[in-house]
Amino acid sequence: MTDSKPSSNDILAKIRAAKAAAAGDGSEKAQSEAPAPAGAAPASATPPASPAAPKSTADILAAARAKAGGGAAAGGAPAAPSGGAAPSSTADILAAARAKAAPAGGAGTSGGAGASAGAPKSPADIMAAIRGGGATAAKPAAAAAKAEGSPKAEAAKVPAGMSAADMIKAARSGVPATAAAAKPALPSKPLAAKAPAAAKPAAAKVVESRRGFFGSMVEVICSPVVIAWTAFSGATLFSALATARFMMPNVLVEPPTKFKIGPPNDYAPGTVSTKWQAQFNIWVVNAEVDGAPIIYALSTVCTHLGCTPNWLEGEQKFKCPCHGSGFYKDGVNFEGPAPRPLERVGLRLAEDGMLEVDKSVKFQKELGQWSNTSSYVPVA
Ligand code: FES
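Residues numbered from 1 in each chain as written. Predicted model: local features only at pLDDT ≥ 70, side-chain atom pairs only at ≥ 80, totals over all residues. Heavy atoms only, no water.

Enquirer: Residues and numbers for the nonpolar core, please.
Expert: Generally speaking, a soluble globular protein has its nonpolar side chains buried in company with each other. If you look at the biggest cluster of nonpolar residues, it comprises 16 residues, and the most contacted ones within it are Tyr296, Leu298 and Phe318. Not counting chain neighbours up to four residues away, the residues in contact with Phe318 comprise Val272, Trp283, Leu298, Pro309, Asn310, Trp311, Ser325, Gly326, Phe327, Tyr328, Lys329 and Leu342. (Core = buried A, V, L, I, M, F, W, Y, C linked by side-chain atoms within 4.5 Å. Buried < 20%, exposed > 50% of the residue type's maximum accessible area, 1.4 Å probe, protein only. Contact = heavy atoms within 4.5 Å.)

Okay, here's the thing in structure tokens:
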């Protein structure tokens, strides 16, 4: 008894041997004269009685058919092992042949239940029987056939998607189909050796240390305690400075009230100089007043509400842009809301021959102060 399943070659070899033995007995003559079983191969395929073994698979199959249907030669009707019709298909023939050639064939071959009674009919059934060990001597043929016949057993034994070629291969190799169908586990892929971390360059270390330092500094600066103390310190400092400023007297920083504006020759007769308008808020005028040429200094403050008028050379007048008051060259108002003439400031000829202005002194025409010699300098 062998554990391995018979291969096709073994089966064919056994069939050849049986054929040769039959030829020795002279029974092949009767077989050759017997009519071909129904549905079997044509007469030409039936091998003639010959001592030589069949050569081709077709011949072997024809001989097997003829042998399986041996009853026909004697009684005219096919003599199937189970009394049924002779095998008509190649699958049936192979099944019967396997059943016959199986080791310890007494259990489940043609003698007992036989291929016609319980043997599988289709190649899938044959493969299932082989897979389930039905062809081996260890399992009785009836039990094997019963187990193989149930769809549940087949579903459990036949893996889904397994081809017939795989089944035959598994049967020949003796490996259960389920095991053959199972894909071999791939060897685990060796893990690539982890490259050791390259030593960080010194520059990276410096950058990391700087980042760590700055990160720590930011955390410290942004901490609530630091923020609170910073705000408190700022408020305290601001209070101290405000107190110090409060303790100091208010000092109005103004330009000096007395200043020199150059010699009288710098001011041509009949002209209005705006040279000192921006710096000292005065106009210097060289004009004839009451028939006498004099130089005087007019304040640039409008007598209406304090705006600064503009000197219009073409119109020979001062024009206030705020409310339209107009003043002549000598400072007398003639239009607009201004209630009185412009004011003169103190002017004198200093010892050094320079004109000196004293803005601390004001002279008003309506008060008769323009006749004061301190309000003008005669032109020689
Ligand atoms: Fe000069 Fe009113 S301020 S006109």
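Enquirer: Any details on the state of the cysteines? Residues and values, ideally.
Expert: In the structure shown here, the tally under the stated rule is one disulfide. Between the sulfur of Cys307 and that of Cys322 lies a disulfide, 1.9 Å long from S to S. Every disulfide takes its handedness from the sign of the S-S torsion; for Cys307 and Cys322 that torsion is -100°, giving left-handed. With a gap of 15 residues between them, Cys307 in the loop between strand E4 (292-299) and strand E5 (310-312) and Cys322 in the loop between strand E6 (317-319) and strand E7 (326-327) connect regions that are remote in the sequence. Residue Cys307 is classed as buried on the basis of its relative accessible area, which comes to 18%. (Disulfide = S-S within 2.5 Å. Helix = DSSP H or I, 4+ residues; strand = E, 2+ residues; numbered from the N terminus.)

Enquirer: Account for the sheet that holds E6, naming residues and giving values.
Expert: In spatial order, the strands read E5-E6-E7-E8; together these four strands make up an open sheet with antiparallel pairing. If you trace the sheet from one side to the other, it starts and ends with E5 and strand E8 (333-335), each paired once. Here three bridges tie E5 to E6, and the two strands are oriented antiparallel to one another. What sits directly across from Asn310, in E6, is Lys319. (Pairing = 2+ DSSP bridges.)

Enquirer: Can you lay out the packing of aromatic side chains for me, pointing to particular residues and giving the numbers?
Expert: One pass over the structure, following the stated rule, counts seven aromatic pairs. Between Trp229 and Phe232, the aromatic rings sit 5.9 Å apart at their centres with planes inclined by 90°, giving edge-to-face as the arrangement. Of this pair, Trp229 and Phe232 both sit in helix H13 (residues 224-247), separated by three residues, roughly a single helical turn. For the pair shown, Trp229 and Phe232 are each scored as exposed. Geometrically, the ring pair formed by Tyr328 and Phe334 is stacked, given 4.3 Å between the ring centres and 20° between the ring planes. For Tyr328, a relative accessible area of 42% translates into the label partly exposed. Here the aromatic cluster, defined as three or more aromatic residues joined through ring pairs, consists of Phe259, Trp276 and Phe280. Note that Arg344 overlies the ring of Tyr296, its terminal NZ or CZ placed 4.5 Å from the centroid. (Phe/Tyr/Trp six-rings, centres within 6.5 Å; stacked < 30°, edge-to-face > 60°. Lys NZ or Arg CZ within 6 Å of the ring centre and 35° of its normal.)

Enquirer: Quick one: what's the story with the pattern of salt bridges, residue by residue and with numbers?
Expert: The tally for this structure, following the rule as stated, stands at eight salt bridges. Here Arg348 and Glu351 are joined by a salt bridge, their closest N and O atoms 3.6 Å apart. Glu351 gets classed as exposed once you look at its relative accessible area, which sits at 71%. When salt bridges that share partners are traced, they join Glu315, Lys317, Lys319 and Glu335 into one network. (Salt bridge = Lys/Arg side-chain N within 4 Å of Asp/Glu carboxyl O.)

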